Amino acid sequence: MSEPVSTLRNIILIVDDKPTNIKLVEEYLASHDFNTIVARDGEMGLKRAKFSRPDLILLDVMMPDMNGFEVCRRLKADQETKSIPVIFMTVKDQVEDKIEGFKAGGVDYITKPVQKEDVLLRVRTHLKLREQQQRLQQQALELDCARQIAEQANRAKSQFMANMSHELRTPLNAILGFSQLMLRDPNITDGQRENLGTINRSGTRLLSLINDILELSKIESGRSELHPVAFDLHNLLLELEEMIRLRAEQKGLKLVFEHQQDVPQYTRADENKLRQVLINILDNAVKFTDKGMITVRVKSLTPLLSFEIEDTGVDIAAEELDYVFDGLVQTATGQKSSQGMGLGMSISQQFVRMMGGEITVSNKAGKGNVFMFDIPVEIADEGDVPIDRPRHKLLNEHEIFEKMREKGALMPEDLAALPGDWLKTLEQAARRADFILLSNVIEQIRGHHARLAGELARLAENFEYDEILKFIQKTKEETRVGWTREEIAAIPEGLAVTLKEAVEIGDMEIMSEVIVQIRAYNVSMADALEQLMNNFEYDEILALIN
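Residues numbered from 1 in each chain as written. Predicted model: local features only at pLDDT ≥ 70, side-chain atom pairs only at ≥ 80, totals over all residues. Heavy atoms only, no water.

### Re the overall build of the chain
Across its full length, the chain holds 21 helices and 13 strands. Buried residues in the chain amount to 41% of all 546 residues. Residue pairs at least 24 apart in sequence account for 68% of intrachain contacts in the chain once pairs closer than 6 positions are excluded. Accessible surface computed for the chain: about 30,000 Å², of which carbon and sulfur atoms make up 53%. (Helix = DSSP H or I, 4+ residues; strand = E, 2+ residues; numbered from the N terminus. Buried < 20%, exposed > 50% of the residue type's maximum accessible area, 1.4 Å probe, protein only. Contact = heavy atoms within 4.5 Å. Areas by Shrake-Rupley, 256 points an atom, 1.4 Å probe, with all protein chains shown as cover.)

### Remarks on the sheet that holds strand β6 (residues 229–232)
Strand order in the open sheet made by the 3 strands is β6-β8-β13, with antiparallel pairing throughout. Here the strands that pair on one side only, and so sit at the sheet edges, are β6 and β13 (378–379). In this structure, β6 lies alongside strand β8 (residues 266–269), joined through 4 bridges in antiparallel fashion. Following the sheet pairing, A230 is matched in β8 by R268. On the sheet, helix α7 (residues 233–250) packs against β6 and β8 and is oriented at approximately 60° with respect to β6. (Pairing = 2+ DSSP bridges. Axes fitted to C-alpha atoms, helices over the stretch in contact; angles between N-to-C directions.)

### Quick look at the nonpolar core
Counting residues in each nonpolar core, the largest one holds 45 residues, and the members touching the most others are L274 and F373. Discounting chain neighbours no more than four positions away, the residues touching F373 are L274, V277, L278, I281, L305, S306, F307, I309, V352, E358 and I359. (Core = buried A, V, L, I, M, F, W, Y, C linked by side-chain atoms within 4.5 Å.)

### With respect to the packing of aromatic side chains
Under the criterion given, the structure shown has 3 aromatic pairs. Judged by centre distance (5.2 Å) and plane angle (75°), the ring pair of F69 and F88 falls under edge-to-face. With F69 in helix α3 (residues 68–77) and F88 in strand β4 (residues 86–90), this residue pair connects regions lying 19 residues apart in the sequence. Note on accessibility: F69 and F88 belong to one class, buried. Between the aromatic rings of F307 and F373, the centroid separation amounts to 5.0 Å while the plane-to-plane angle is 15°, which identifies the pairing as stacked. Taken together, the residues F307 in strand β10 (residues 304–311) and F373 in strand β12 (residues 369–376) connect sequence positions 66 residues apart. When sorted by exposure, F307 lands in the same class as F373, which is buried. Aromatic rings pair up to connect F69, F88 and Y109 into one cluster. (Phe/Tyr/Trp six-rings, centres within 6.5 Å; stacked < 30°, edge-to-face > 60°.)

### Observations regarding helix α4 (residues 95–104)
What sets the pattern is the α-helix's 3.6 residues per turn: residues three or four places apart point alike. Within α4, burial applies to D97, G101 and A104. Summarising the axial view, the buried residues of α4 lie within an arc of 65°, below the 170-degree limit, and thus occupy one face. Across α4 from its buried face, at more than 90 degrees, point the exposed residues V95, E96 and K103. Buried residues belonging to α4 abut α3, β4 and β5 (108–111). (Arc of directions from axis to C-beta.)

### Some points on the environment of V497
Here V497 lies in helix α18 (residues 493–505). As a C-alpha pair, V497 and V514 span 17 residues in sequence and 9.9 Å in three-dimensional space.

### Description of the packing of α7 against helix α8 (residues 271–287)
Running from amino to carboxyl end, α7 crosses α8 at an angle of 25°, the nearest separation of the two axes being 11 Å. Looking at the two axes, α7 sits roughly parallel to α8. Seen from above, α7 lies across α8 with right-handed handedness. Taken together, the residues of α8 that come into contact with α7 (itself represented by L233, L236, E239, L240, M243, I244 and R247) are E271, L274, R275, L278, I279, L282, D283, V286 and K287. Considered class by class, the residues forming the contact of α7 with α8 number 10 nonpolar, no polar and 6 charged. (Parallel < 35°, antiparallel > 145°, perpendicular 65-115°, else oblique. Left-handed = near helix turned anticlockwise from the far one by under 90°. Nonpolar A, V, L, I, M, F, W, Y, C, P; charged D, E, K, R; others polar.)

### Things to note about the pattern of salt bridges
The final tally for this structure, using the stated rule, is 24 salt bridges. Between D108 and R122 there is a salt bridge, with the nearest N and O atoms lying 2.7 Å from each other. One end of the pair, D108, is in strand β5; the other, R122, is in helix α5 (residues 116–183), with 14 residues separating them in the sequence. Bridged by salt links that share partners, the residues E258, R297, E308 and E310 form one connected network. (Salt bridge = Lys/Arg side-chain N within 4 Å of Asp/Glu carboxyl O.)

### Looking at the pairing of β5
As paired elements, β4 and β5 share 4 bridges and run parallel to each other. Within the sheet, the bridge partner assigned to T90 lies in β5 and is T111. As for the winding sense of the linkage, the β-α-β connection from β4 through α4 to β5 is right-handed. (Right-handed = clockwise from strand over helix to strand, strands pointing away.)

### Concerning the sheet that holds β12
Sheet architecture is open: 5 strands sit in the order β7-β9-β10-β12-β11, paired in mixed fashion. Looking at which strands have only one partner, the edges of the open sheet turn out to be β7 (254–259) and β11 (358–363). Pairwise comparison of adjacent strand axes, ignoring direction, gives a mean angle of 15° for this sheet. In this structure, strand β9 (residues 293–301) lies alongside β10, joined through 8 bridges in antiparallel fashion. If you follow R297 over to β10, its bridge partner there is E308.

### Here we look at the side chain of N369
Within the secondary structure layout, N369 lies in strand β12. Look at N369 and you get buried, because its relative accessible area is 4%. At a separation of 2.8 Å, a polar atom in the side chain of N369 contacts the main-chain carbonyl oxygen of V314. In this structure N369 touches I309, E310, D311, V314, D315, I316, S362, N363 and K364, once residues within four positions along its chain are discounted. (Polar contact = N/O pair within 3.5 Å; in protein donor to acceptor, adjacent residues only side chain to side chain.)

### Here we look at helix α1 (residues 19–30)
Over its 12 residues, α1 runs 16 Å from end to end, which matches the ideal 16 Å to within 8%, given 1.5 Å per residue. The set of residues buried in α1 consists of I22, V25, Y28 and L29. Here the buried residues of α1 occupy an arc of 150° about the axis, which is enough to place them on one side. With respect to the buried face of α1, the exposed residues turned more than 90 degrees away are T20 and K23. (Expected span 1.5 Å × (residues − 1).)

### Brief notes about the environment of G45
With respect to the element layout, G45 can be found in helix α2 (residues 42–52). Judged by relative accessible area, G45 falls into the buried class, the value being 3%. A C-alpha to C-alpha distance of 8.1 Å links G45 and I14, two positions 31 residues apart in sequence. Among all residues touching G45, those that are not within four sequence positions of it are L13, V15 and A39.

### Observations regarding the confidence of the model for the chain
Looking at the chain as a whole, its pLDDT mean stands at 78, while 81% of the residues score no less than 70. Mean pLDDT per element in the chain: helix α11 (residues 397–407) is the minimum at 42, and β10 is the maximum at 93. pLDDT under 50 marks residues 1–8. Its contacts with residues more than four places away, or in other chains, come to 12 contacts. Of the regions scoring below 50 in pLDDT, residues 388–410 engages in 42 contacts with residues more than four places distant in sequence or in other chains. (pLDDT = per-residue confidence, 0-100.)

Quick look at the structure:
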């Protein structure tokens, strides 16, 4: 027996121009507790369907003015009635008639004269199907609502993680900055130096974790984008080899980089993301390999580049291979080492997928692990690579500055062009590792020199206060004025002596008066001395005088 359908809420609309047909069907359905409404023609049927929203319509085909097929087409064209199932009732039982009925949107066909049991069976069947359809639609709606809530919660989580990470960076910058500055103090003991080193290493590790959280938040919120550029792939591999080699040698590991002859030197891809993926994998390889070697192989599978990183470390258990790239699950190897495989591998997987590839890992049955991924790349020409990108050799400091000058990059003279009090505040903030003060002065600089402010902000956000101080020192060295004996001799000796005495006691009023008098003899000298005075660089003034 078929499963009974609840009839308490079911409304059946009967549309027929023959009263005897209506009465027959209506009385029979009513005897089985169905609610029925009737319409004597197609126009009235359309109106009652729209007003009453029946659960099913029994529709005669042969009616004057508007036949049942046209009525059905109009029902299906109306958003409010399109979902109501329609069963045709007609003496037209030819195949082409039935095809036309189904094309119009009907779900079934009853041939007249109707059989009561046939009508009841078909009505119950299609009502049951409608209930199931409505239930599925409701479930789909609920699932969609749940998905939207989950996405909203995920965005809120990502925003919370980003905000929390940002808040953690603020106190962390003070820890890293001050520990770096204290390490430069020649008066600290060996024990203090060791403790400061521990603080710095721990802070750096925490910073790395915070950066990983921020990156994952960007990926999950869809804010992480690909930025393909032309770059020197061979040079990237050399950089990575030099970066990792020292750590590998400290553990007694052999590090080997291999690439086939046909691997293109100049390619176009997202260099930064590729570099980060390789660093993350190599970092884990060094962590979890105590003896043996780490091998990096690069192959050309045009238009793909294939990367393989093999180590002789502890095997990742077969049952845990699927969890290596899950940032929420830590493998047994990571738990034993107390270092974990962290969020870096999850980020690496996301980056590789963004670049159009897939990363996999396998073990070598007691002989280590192999990470592999392929990414599509475009071949580039040497001329496509920006001039300020590093090429085959490491440049010394002088060569770097010359390259930067050629490219029009930020240079010490950019800093020298700033108002003296800004430069002094910038130096004070960097020396004290005062991130808030540093941020404030950088915002002042932004209105004067946006590119310079951007570079300083990048250094500040990475806690590279030493680099800012080096940049300032370079500025001082390159803008320091030296005078010939003849120029110095042209300044009355009494003025030089008075200036020296004023500097030694820090009397700016007297210094200003002397500089005004010096201006009559040498304008450039007076300008230089005034700038040094305004920056409170009294030691520089004494050095120039002497």
